[in-house]
Structures are given as structure tokens and as C-alpha cells.
Amino acid sequence: MARLKANANKLVECGEDIISLCDKYNEQIEILFNKLENVTNRCWTGRAANTYVQIVKKDKSTFTKFGNDLKDYGKLVRSTGNNVNTMIMKWKDR
């Protein structure tokens, strides 16, 4: 029979850390890309500027999705820790 060894509380803690870092990451991505988009409002106009904004918006979407995917991983890690704790409590009651 296989043995499983895990520190459920550490899994929960790590998951919460990942989630928190991803929230901060997404906030910074929002700030950065808003500033990049504002370049065209302040000092650059024309077709090239419009093309640039479209590329920036696509890139922003990619980076935001990356942050959200990592956040989902953090949620999975946290959930796994909580599930392990639940199983341990059930086994202790037997």
C-alpha cells in the first residue's frame, strides 16, 4: 500500500500565498498596461499608435490570464490542503 505524507496546513498556507501573490501580480499588470495604453493619449497618435494599443491590449490579456491561471493553481493547492485536513479529522474520529 502506498504511503502519502503531506503537511496539510503548509499546503493551505502555500496556496494562500500563491493566491495573494497573484492578486498583487494582476494589480501590477493592470497598472503597467494602463500606462502603456496611455502613451497614445499623451504623446503618440496615428495608425501606428492605434496598432500599438491593440497589441498592448492583447498582451495584457495574455499576462492577466497567466496570473489568473496561477491563482487557480493556488486555489487547488489550498483546497488540497483543506481536503487532507478533512480526511485526517475523519480518520481520527474512527
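Residues numbered from 1 in each chain as written. Predicted model: local features only at pLDDT ≥ 70, side-chain atom pairs only at ≥ 80, totals over all residues. Heavy atoms only, no water.

Asker: Looking at this structure, I do not really get the overall build of the protein. What am I missing?
Answerer: Each helix and strand counted, the protein has 2 helices and 0 strands in total. A globule of 94 residues ought to have a C-alpha radius of gyration of about 12 Å, yet the protein, at 21 Å, is considerably larger. In terms of overall dimensions, the protein has C-alpha extents of about 70 × 20 × 15 Å along its principal axes. With 94 residues in all, the protein has 20% of them scored as buried. Once local pairs closer than 6 in sequence are excluded, the contacts in the protein between residues at least 24 apart make up 79%. Entry remark: accessible area of the protein is about 7,600 Å², with carbon and sulfur atoms responsible for 56%. Taking the average place of the 17 positive charges on the side chains of the protein and the average place of its 11 negative ones, the gap between the two points comes to 3 Å. (Helix = DSSP H or I, 4+ residues; strand = E, 2+ residues; numbered from the N terminus. Rg over C-alpha atoms; globule rule 2.2 N^0.38 Å. Buried < 20%, exposed > 50% of the residue type's maximum accessible area, 1.4 Å probe, protein only. Contact = heavy atoms within 4.5 Å. Areas by Shrake-Rupley, 256 points an atom, 1.4 Å probe, with all protein chains shown as cover. Lys, Arg positive; Asp, Glu negative; His and termini not counted. Charge placed at Lys NZ, Arg CZ, Asp CG, Glu CD.)

Asker: What exactly am I supposed to notice about helix α1 (residues 8–42) here?
Answerer: Every α-helix winds through 3.6 residues per turn, so residues three or four apart in the chain are directed the same way. Relative to the 51 Å expected for 35 residues at 1.5 Å per residue, α1 spans 51 Å between its end C-alpha atoms, a close match to the ideal helical length. Of the positions making up α1, those classed as buried are A8, V12, G15, I19, C22, N26, I29, F33, E37 and T40. Looking at the buried side of α1, the elements it contacts are α2 (47–92). Of the residues that open α1, the one with a side-chain oxygen 3.2 Å from the backbone nitrogen of N9 is N7. (Expected span 1.5 Å × (residues − 1). Polar contact = N/O pair within 3.5 Å; in protein donor to acceptor, adjacent residues only side chain to side chain.)

Asker: It is not clear to me how the packing of aromatic side chains should be interpreted in this structure. Could you clarify?
Answerer: When we look at a pair of aromatic rings, we describe it by the centre distance and by the angle of the planes. Under the definition given, this model contains 3 aromatic pairs. Ring centres 5.0 Å apart and planes at 45° place the aromatic pair W44 and Y52 in the tilted group. For Y52, a relative accessible area of 23% puts it in the partly exposed group. (Phe/Tyr/Trp six-rings, centres within 6.5 Å; stacked < 30°, edge-to-face > 60°.)

Asker: I would appreciate a short explanation of the environment of Y52 in the present structure.
Answerer: Tracing the sequence through the fold places Y52 in helix α2. In the structure, Y52 is positioned 45 residues away from N7 in sequence and 48 Å away in space, judged by C-alpha atoms.

Asker: Help me out: how do you make sense of the pattern of salt bridges in this one?
Answerer: Any two side chains of opposite charge can pair, so long as their charged atoms come close to each other. One pass over the full model with this rule turns up 3 salt bridges. A salt bridge links K71 to D23, with the nearest nitrogen and oxygen atoms 2.7 Å apart. Within this pair, whereas K71 is found in helix α2, its partner D23 is found in helix α1, the two being separated by 48 residues in sequence. Overall, D23 belongs to the partly exposed group, its relative accessible area being 30%. (Salt bridge = Lys/Arg side-chain N within 4 Å of Asp/Glu carboxyl O.)

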